[in-house]
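# Inside the fold
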Protein chains: 2
Amino acid sequence: MTDVARRAGVALGTVSNVLNYPEKVSPETVQRVRDVIDELGFVRNTNARDLAGGRSRTIGLSVIDISNSLFVDIARGAQNFAEETGLNVMIANSDNKLESQDASLSFFDGSRVAGILLAPMQDSRASIDRVRRHGRPVVVLNYDDGDDDTCRVLVDNELVGYLAAQHLISLGRTRLAFIGGRDNLQPVHLRRAGARRAVEEAGGRVTLEEIPTETLDPPSGAEVGRAIIGRPPADRPDGVIAVTDLLGMAIIQVFNGAGVAVPSDIAVMGCDHNSAAWGGTISLTSVQMRGLEMGREGLRLLIDEISTSRDEHVHQTVMLEPAIVARESTVGRSAVVQR
Amino acid sequence: MTDVARRAGVALGTVSNVLNYPEKVSPETVQRVRDVIDELGFVRNTNARDLAGGRSRTIGLSVIDISNSLFVDIARGAQNFAEETGLNVMIANSDNKLESQDASLSFFDGSRVAGILLAPMQDSRASIDRVRRHGRPVVVLNYDDGDDDTCRVLVDNELVGYLAAQHLISLGRTRLAFIGGRDNLQPVHLRRAGARRAVEEAGGRVTLEEIPTETLDPPSGAEVGRAIIGRPPADRPDGVIAVTDLLGMAIIQVFNGAGVAVPSDIAVMGCDHNSAAWGGTISLTSVQMRGLEMGREGLRLLIDEISTSRDEHVHQTVMLEPAIVARESTVGRSAVVQR
DNA sequence: GTGAAAGCGCTAACAT
DNA sequence: ATGTTAGCGCTTTCAC
């Protein structure tokens, strides 16, 4: 910056003003300084800027698993909003390792980022507290650790299950099956509870069969699919809710290969709108988890917390409403207007 | 740090030494200072550190599209290696927008990162030159712009096609089909050329049919699949190479639904080992694009360029060898040892 | 082994 | 409107 000042024949402070408060400098000086900046290819040092200014324009996003499309959506949502507000989002991936998550948080802490968006892998209050004690705001995404002493953005997973079941019921299905992983996973538990509620509300005319699976991956889905096919047609469900899209996709393919028509014989749907399951020829009905909104809302809350006086900030929890995305696997080809 | 020094009853410089060169400080002092650091929850300011030290321990990774699993792999490869070397990798996603890519590069430039890994969306020499003129090393990943004035890590796409065709030929298939997008895409062009070479080498006993597609997405694959099924069995290929996994997966599902057995009637394989196509019950043979190695090698080259004296550095191109990943869709279920 | 002091490249308050 | 200057929190000589 000194070089720029000398070359433009002005003082250092003037260059700074041109950069930060151009309205305080005469137009011709602004022009001259800017020309020199271009000429020299000057890029101002963000570190020094943040250090001297005592603030930062970048926020850190830490996600558990960047290969899951929900987290990719979260990142994109946050970035889009950040763009509008002149902030920068840096992504750190934890690759499902808790120690990596901690390392990322420490890195962000050391970088004196303005704030942190954290989509944690499990209860991370200890790490969060540490960072926050250093005065760095943290907003938690997609994980309910029951701590309302922090801002969070969550999706109503009970409603996810409820909407899914309701969707199938509204299509006239009466023998539902809920294919889920183990119940100790928070989202699985909640979605199952929601499905039960919808079935109960339907009175006695709808039944719900619950089939647990070992994992949430395709092989488990295929296994369940084969088990269903092994039963006499009258004994099969006519509507299947898979707790993840990957599970649902695998089930569809088994049905496909066995001549069971989807959705006419059996309607199938997933619950987490995961692009990793978009490879199919039968597009999959699912429930939108609103990753984009989650990222965007999270950043909004974070900005709010950053700019509010530290003591006066009121933490809030935003509960996002999931929404059915109806596709061919439940409503059939003709009803799908656009992919 | 001043607080730490005062609380520990030592000078500022000593705290710095404890942090950076503990061997230069007496053990008891080290211990005392460290205790105070823990007690105060002190985290040193990376910005100030980099500013004062004139270097940085973080490197920037800019990818075109974080929703493509190849780029996710690249990121993970780079991060794994970075962990071993005490560096930090910050990911910036460009969401397929060229202006975002430029913004990311400028951000990294302003942050004075040690170096940049760039997986660009198209010829980006202009942007690269700008950054490099500021003395910041850049390594290009997965894109061959013909510029050997930079370090690059590429995958031999011609070999991808060659290996794919060879794999099918070695399984006794003689009527191959290459299902590709438009030939103006560099990878498509190269893979097709490789497939041709393998077929030529096989002499007259193997034929290669080339079927272009509008896009590289599932719908195009399904379309081709239906076209193939529409032909009399003797007229159909017995081995299909889809230029992307998504295409391949869609084709398999069409075959599946029509009672065409994969791989016994027709073997099908993809070419880019994309996890977005892993949802199937028939696991897909593909060609490993070595994203992890790409990230790792890229970072290795980058570190080399960073530490080498600026003038003495010799740019190099690492050409990664793709490898067949044989799965059920070509070799059948029994031959697949593990997923 | 430890301490003192000069910067790193900026911002922001103040002086002109 | 422009120039001057004191830090921001550290690293790094160089003395002690």
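Above this text is the structure in question.
Attention here is on the structure that accompanies the text. It should be emphasised that the depicted structure is a prediction, and the values quoted were computed from it without experimental measurement.

### Quick notes on the overall build of chain A
- Helix and strand counts for chain A stand at 13 helices and twelve strands.
- Over its C-alpha trace chain A gives a radius of gyration of 26 Å, far above what one expects of a compact globule, namely 20 Å for 339 residues.
- Projected onto the principal axes, the alpha-carbon positions of chain A cover approximately 90 × 40 × 30 Å.
- Considering chain A as a whole, with its 339 residues, one finds that 54% of them fall into the buried category.
- In chain A, the proportion of contacts linking residues at least 24 apart, taken out of those at least 6 apart, comes to 70%.
- Looking at charge distribution, chain A has the averaged site of its 36 positive side-chain charges lying 4 Å from that of its 45 negative ones.

### A few points about the pairing of strand S11 (residues 317-320) of chain B
Residue and element names in this part refer to chain B.
- Burial of S11 is one-sided: the residues Val 318 and Leu 320 facing one way are buried, the residues Thr 317 and Met 319 facing the other way are not.
- Here strand S5 (residues 151-155) runs beside S11; their pairing, made up of four bridges, is parallel. Along S11, the bridge assignment pairs Val 153 with Val 318.

### Description of helix H5 (residues 69-85) of chain B
- Under the 1.5 Å per step criterion, the end-to-end length of H5 of chain B is 24 Å for 17 residues, consistent within 8% with the ideal 24 Å.
- The buried fraction of H5 of chain B is high, at twelve of 17 residues.
- By the burial criterion, the buried members of H5 of chain B are Ser 69, Leu 70, Phe 71, Val 72, Asp 73, Ile 74, Ala 75, Gly 77, Ala 78, Gln 79, Phe 81 and Ala 82 of chain B.
- Here the buried face of H5 of chain B lies against strand S2 (88-93) of chain A together with strand S1 (58-63), strand S2 (88-93), strand S3 (115-119), strand S4 (138-141) and helix H12 (291-307) of chain B.
- Just beyond H5 of chain B, the residue with positive phi is Gly 86 of chain B, at close to 75°.

### Topic: the protein's contact with DNA strand C
- Residues in contact with DNA strand C amount to 23 residues; listed here are only the nearest, Met 1 and Arg 55 of chain A together with Ala 11, Thr 14 and Thr 29 of chain B.
- For DNA strand C, the fraction of protein-proximal atoms (within 4 Å) that sit in sugar or phosphate groups is 80%.
- Separating a phosphate oxygen of DNA strand C from a side-chain N or O atom of Asn 20 of chain A is a distance of 3.3 Å.
- At 2.7 Å, a side-chain N or O of Thr 14 of chain B approaches a phosphate oxygen of DNA strand C.
- Ranked by residue count, the leading element in the surface near DNA strand C is helix H4 (residues 46-53) of chain A, at four residues.
- For the surface near DNA strand C, the class distribution of residues is ten nonpolar, nine polar and four charged.

### With respect to the protein's contact with DNA strand D
- Around DNA strand D sit 24 residues, and of these Ala 11, Ser 26 and Thr 29 of chain A together with Met 1 and Arg 55 of chain B come closest.
- The contact atoms of DNA strand D, taken as those within 4 Å of the protein, divide so that sugar and phosphate hold 76%.
- The side chain of Arg 55 of chain B places a nitrogen or oxygen atom 2.7 Å from a phosphate oxygen of DNA strand D.
- Here the element with the most residues in the surface near DNA strand D is helix H4 (residues 46-53) of chain B; it accounts for four residues.
- Split by residue class, the surface near DNA strand D holds ten nonpolar, ten polar and four charged.

### Let's talk about the packing of helix H6 (residues 98-110) of chain A against helix H7 (residues 125-133) of chain A
Residues and elements named next belong to chain A.
- In the contact formed by H6 and H7, the axes pass within 10 Å of each other and the chain directions differ by 5°. Comparing the axis directions of H6 and H7 gives the class roughly parallel. Residues Asp 102, Leu 105, Ser 106 and Asp 109 of H6 lie in contact with H7, whose contacting residues are Ser 127, Arg 130 and Val 131.
- Classifying every residue of the contact of H6 with H7 gives two nonpolar, two polar and three charged.

### Things to note about the packing of aromatic side chains
Residues and elements named next belong to chain A.
- By the definition in use, this model includes two aromatic pairs over all chains.
- With a centroid separation of 6.0 Å and 55° between ring planes, the pair formed by Phe 107 and Phe 108 is classed as tilted. Like Phe 107, the residue Phe 108 is buried in the burial classification.
- Taking NZ or CZ as reference, Lys 24 lies 5.0 Å from the ring centre of Tyr 21, over its face.

### Brief notes about the environment of Pro 218 of chain B
Residue and element names in this part refer to chain B.
- With respect to the secondary-structure elements, Pro 218 resides in helix H10 (residues 218-229).
- On the basis of relative accessibility, which here comes to 9%, the residue Pro 218 falls in the buried class.
- Residues Pro 218 and Arg 173, 45 residues apart in the sequence, show an inter-C-alpha distance of 24 Å.

### A few points about the pattern of salt bridges
- If you walk through the whole model with that rule in mind, you get 35 salt bridges over all chains.
- Residues Asp 73 of chain A and Arg 76 of chain A are paired through a salt bridge, measuring 3.6 Å at the closest nitrogen-oxygen approach. Of this pair, Asp 73 of chain A and Arg 76 of chain A are both found in helix H5 (residues 69-85), three residues apart, which corresponds to roughly one turn of the helix.
- Of the charged contacts in the structure, one is a salt bridge between Glu 297 of chain B and Arg 300 of chain B, with a shortest N-O distance of 2.8 Å.

Reading the values: rules and limits
- Residues numbered from 1 in each chain as written.
- Chains lettered and ligands numbered in written order.
- Predicted model: local features only at pLDDT ≥ 70, side-chain atom pairs only at ≥ 80, totals over all residues.
- Heavy atoms only, no water.
- Helix = DSSP H or I, 4+ residues; strand = E, 2+ residues; numbered from the N terminus.
- Rg over C-alpha atoms; globule rule 2.2 N^0.38 Å.
- Buried < 20%, exposed > 50% of the residue type's maximum accessible area, 1.4 Å probe, protein only.
- Contact = heavy atoms within 4.5 Å.
- Lys, Arg positive; Asp, Glu negative; His and termini not counted.
- Charge placed at Lys NZ, Arg CZ, Asp CG, Glu CD.
- Pairing = 2+ DSSP bridges.
- Expected span 1.5 Å × (residues − 1).
- Near = heavy atom within 4 Å.
- Polar contact = N/O pair within 3.5 Å; in protein donor to acceptor, adjacent residues only side chain to side chain.
- Nonpolar A, V, L, I, M, F, W, Y, C, P; charged D, E, K, R; others polar.
- Axes fitted to C-alpha atoms, helices over the stretch in contact; angles between N-to-C directions.
- Parallel < 35°, antiparallel > 145°, perpendicular 65-115°, else oblique.
- Phe/Tyr/Trp six-rings, centres within 6.5 Å; stacked < 30°, edge-to-face > 60°.
- Lys NZ or Arg CZ within 6 Å of the ring centre and 35° of its normal.
- Salt bridge = Lys/Arg side-chain N within 4 Å of Asp/Glu carboxyl O.

Purely geometric numbers; function is a separate question.
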